[in-house]
Amino acid sequence: MTTGVVQMTDWLERVATRTARVGIIGLGYVGLPLTLLFSEERFEVTGFDIDGAKVARLNTGESYIHRIEPAHIAAAQKHGFRATADFARIAEMDAVLICVPTPLNADHSPDMSFVVSTMESIAPYVRAGQLIVLESTTYPGTTEEIVAETIERVGVERGVRVLRGGGDELDGVLVAFSPEREDPGNLVTPRREIPKVIGGVDARAAQAASALYGTVFQRTVLMSSPAAAEMTKLLENIYRCVNIALVNELKQLCERMEIDVWEVIEAAATKPFGFQAFYPGPGVGGHCIPVDPFYLSWKAQQYGFASRFIELAGEVNESMPAYVVERTKQALEHRGVALKGAKVLVLGVAYKRDVDDLRESPALRIIELLAGSGAEVEYHDPFFPEVGHGRHYALNRRAYPLTEGMTELGGFDCVLIATDHSAYDFERVVEQARLVVDTRNAARGIASGKIVRC
Ligand SMILES: NC(=O)c1ccc[n+]([C@@H]2O[C@H](COP(=O)([O-])OP(=O)(O)OC[C@H]3O[C@@H](n4cnc5c(N)ncnc54)[C@H](O)[C@@H]3O)[C@@H](O)[C@H]2O)c1
């Protein structure tokens, strides 16, 4: 534990010599991989989480995230990694990176309860000379309004303040925002190659964060303020959300016009400038794209501003599961089968290919709508042998067992491809199924009258 006033040069020296102690709060899809990256750089990392089961599993060397092997946890442990639920240990850290959830409430307003409760738990232990970075995606203003505000409010009696301008002496807390920009399931761009955007409450906070992240990430991008960095992350995800909505809408028009939207997008993507390909699907899922844009539209309202692109994109994307179910109904009726009573197998429930993440997955809504229409629905997903209940769903069922030959598919009136996991052999799916509704163009290149692309 550090005592006395820390000098900026000493702080940077600790990072350079890997003697700085790094605390990571929230050991989920973002926090745990980040922990491992800092451990790989030989930092002694302490992971903090309120979930006692996660803490216990990590300390016995287990992983609960599919793409993280127990060997990765063991390697981190060799560099001193331990998980804990004891927030008093925050005082021992030189840097604390916060990676807790930022979901939406039912009315599309930000649920900041995880960030707020994290700050309330750590603020009594935060001290001068520490760097506190918020990584959770959030609306512009959060780092100042919640992180810095809580540190100063709770720390007032101990004389703890947030650093704002000054010299080499770190007689306050360095506070910054640095969004996580990971793309789960993306095996092409290693996480270290994704530049780390950083906005500090003051220049020293940005410099300290840049030095720390610079040990792991190939490039850091320093911004003028936390709010600008918060807005940058939202822009990235809104850009994606709006463009996906655009192709989802175009897909519906193309179907009416009997034009293959996938063929159109592939051709447009050959343009070497001015066009980036986005692909339609059954809706959007995950913790980011369906959620983050609403963080900005909520904040915009406080400025008397209506963010129309965000609202429209949300509307289009959220309507997609109902559209898929309607198309499935039509496809079944075309074959003389009513949706009510039809046996439907939904293939893939994760929100996208090859991830073990169900959050906001459109497949869950599709299952709900199919069941609500009287269909007998089963699902299969190699990542989810069973699905219980979550924040916005209650499926409570087990995956339908499929053998390698997938002969069981013939027992269903329809197989609906909701997620195109690479573990699936789609030629075999088409071969065995009676009818395939393909929302992901997974059966591209397969010529068969059984396939309905939607
Ligand atoms: N998952 C992604 O791919 C991704 C990508 C970019 C950004 N983000 C953002 O990163 C943040 C974290 O997302 P995630 O996917 O890792 O979430 P997650 O749900 O996988 O993990 C969050 C962890 O925080 C813990 N936690 C909750 N409240 C806590 C508290 N008060 N103190 C300590 N721990 C607490 C939970 O137990 C959980 O282990 C979110 O803001 C998200 O929008 C996520």
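Cut-offs and rules
Residues numbered from 1 in each chain as written. Predicted model: local features only at pLDDT ≥ 70, side-chain atom pairs only at ≥ 80, totals over all residues. Heavy atoms only, no water. Near = heavy atom within 4 Å. Polar contact = N/O pair within 3.5 Å; in protein donor to acceptor, adjacent residues only side chain to side chain. Areas by Shrake-Rupley, 256 points an atom, 1.4 Å probe, with all protein chains shown as cover. Helix = DSSP H or I, 4+ residues; strand = E, 2+ residues; numbered from the N terminus. Nonpolar A, V, L, I, M, F, W, Y, C, P; charged D, E, K, R; others polar. Buried < 20%, exposed > 50% of the residue type's maximum accessible area, 1.4 Å probe, protein only. Arc of directions from axis to C-beta. Domains from an automatic or database assignment. Buried area = accessible area lost by both parts, 1.4 Å probe. Salt bridge = Lys/Arg side-chain N within 4 Å of Asp/Glu carboxyl O. Patch = residues over 30% accessible without salt bridge, like charges linked within 9 Å, V, L, I, M, F, W, Y side chains within 5 Å. Contact = heavy atoms within 4.5 Å. Axes fitted to C-alpha atoms, helices over the stretch in contact; angles between N-to-C directions. Parallel < 35°, antiparallel > 145°, perpendicular 65-115°, else oblique. Left-handed = near helix turned anticlockwise from the far one by under 90°.

Student: Looking at this structure, how should I read the site of the ligand?
Tutor: Around the ligand, the structure places 27 residues, and the nearest of them are Val30, Asp49, Lys54, Thr102 and Arg359. In this structure, an oxygen atom belonging to the ligand sits 2.8 Å away from a main-chain N or O atom of Val30. In this structure, Val100 approaches the ligand through a main-chain N or O atom, which is 3.5 Å from an oxygen atom. Protein chains shield 94% of the accessible area of the ligand, which is 820 Å² for the free molecule. Examining the composition of the shell around the ligand, we find that 3 residues originate from one element, helix H5 (residues 113-122), more than from any other. Its residues placed into classes, the shell around the ligand shows 12 nonpolar, 8 polar and 7 charged.

Student: Even after reading the chapter, I still don't get helix H1 (residues 8-16), so can you show me in this structure?
Tutor: One turn of the α-helix equals 3.6 residues, which is why residues spaced by three or four share an orientation. For H1, the set of buried residues is Met8, Trp11 and Val15. Buried residues along H1 cover an arc of 60 degrees about the axis, so they all sit on one side. The exposed set on the far side of H1, more than 90 degrees from its buried face, consists of Thr9 and Ala16. A positive backbone phi angle near 65 degrees is found at Arg18, which sits one or two residues after H1.

Student: Whenever I open this one, the domain arrangement of the protein confuses me. Can you help?
Tutor: Interfaces are often sized by the amount of accessible area the parts lose when they come together. Once the domains are mapped, the protein shows domain 1 (6-224) and domain 2 (241-453). The C-alpha centroid of domain 2 is placed 35 Å from the C-alpha centroid of domain 1. Of the roughly 1,800 Å² buried at the junction of domain 1 and domain 2 (both faces included), carbon and sulfur atoms supply 58%. On the domain 1 side of the contact with domain 2, Tyr29, Leu104 and His108 bury the most area, a combined 32% of that side's loss. For the interface between domain 1 and domain 2, the tally reads 2 salt bridges. Residues Lys299 and Glu145 are paired through a salt bridge, measuring 3.3 Å at the closest nitrogen-oxygen approach. Between the two partners, domain 1 and domain 2, sit 9 residue pairs in polar contact (both at pLDDT 80 or more).

Student: Even after reading the chapter, I still don't get the pattern of salt bridges, so can you show me in this structure?
Tutor: Opposite charge on two side chains permits them to pair, given that their charged atoms come into close proximity. By the definition in use, this model includes 26 salt bridges. In this structure, Asp202 engages Arg204 in a salt bridge whose closest nitrogen and oxygen atoms are separated by 3.0 Å. On the accessibility criterion, Arg204 (8% relative accessible area) is buried. Among the charged side chains, a salt-bridge network with shared partners connects Arg18, Glu40, Glu41 and Arg192.

Student: For this particular structure, what's the right way to read a nonpolar patch on the surface?
Tutor: Residues Leu250, Leu253, Met257, Ile259 and Val264 make up a contiguous nonpolar surface patch of about 400 Å² in total accessible area. Examining the composition of the nonpolar patch, we find that 3 residues originate from one element, helix H8 (residues 226-257), more than from any other.

Student: Got a minute to help me understand the environment of Tyr424 in this structure?
Tutor: Among the structural elements, Tyr424 can be located in the loop between strand S15 (414-417) and helix H13 (426-432). In this structure Tyr424 touches Leu347, Gly348, His380, Asp381, Pro382, Met406 and Thr419, once residues within four positions along its chain are discounted.

Student: Just to check I follow, could you spell out the packing of helix H2 (residues 31-40) against helix H4 (residues 70-78) for this structure?
Tutor: Packed helices, taken two at a time, are described by the angle between their axes plus the distance between the axes. Axis separation between H2 and H4 bottoms out at 9 Å; the angle between their running directions is 50 degrees. Judged by the angle between their axes, H2 and H4 are oblique. In this structure, H2 crosses over H4, and the sense of that crossing is left-handed. Touching Leu32, Leu36 and Ser39 of H2 are His72, Ile73 and Ala76, all from H4. Residues that form the contact of H2 with H4 fall into these classes: 4 nonpolar, 2 polar and no charged.

Student: Whenever I open this one, the environment of Ala375 confuses me. Can you help?
Tutor: Note that Ala375 resides in the loop between helix H12 (362-372) and strand S12 (376-380). What makes Ala375 buried here is its relative accessible area of 9%. Between the alpha carbons of Ala375 and Gly341 there is a distance of 4.7 Å; along the sequence they are 34 residues apart. Each residue touching Ala375, except ones within four places of it in the same chain, is listed here: Leu339, Lys340, Gly341, Ala342, Val344 and Leu370.

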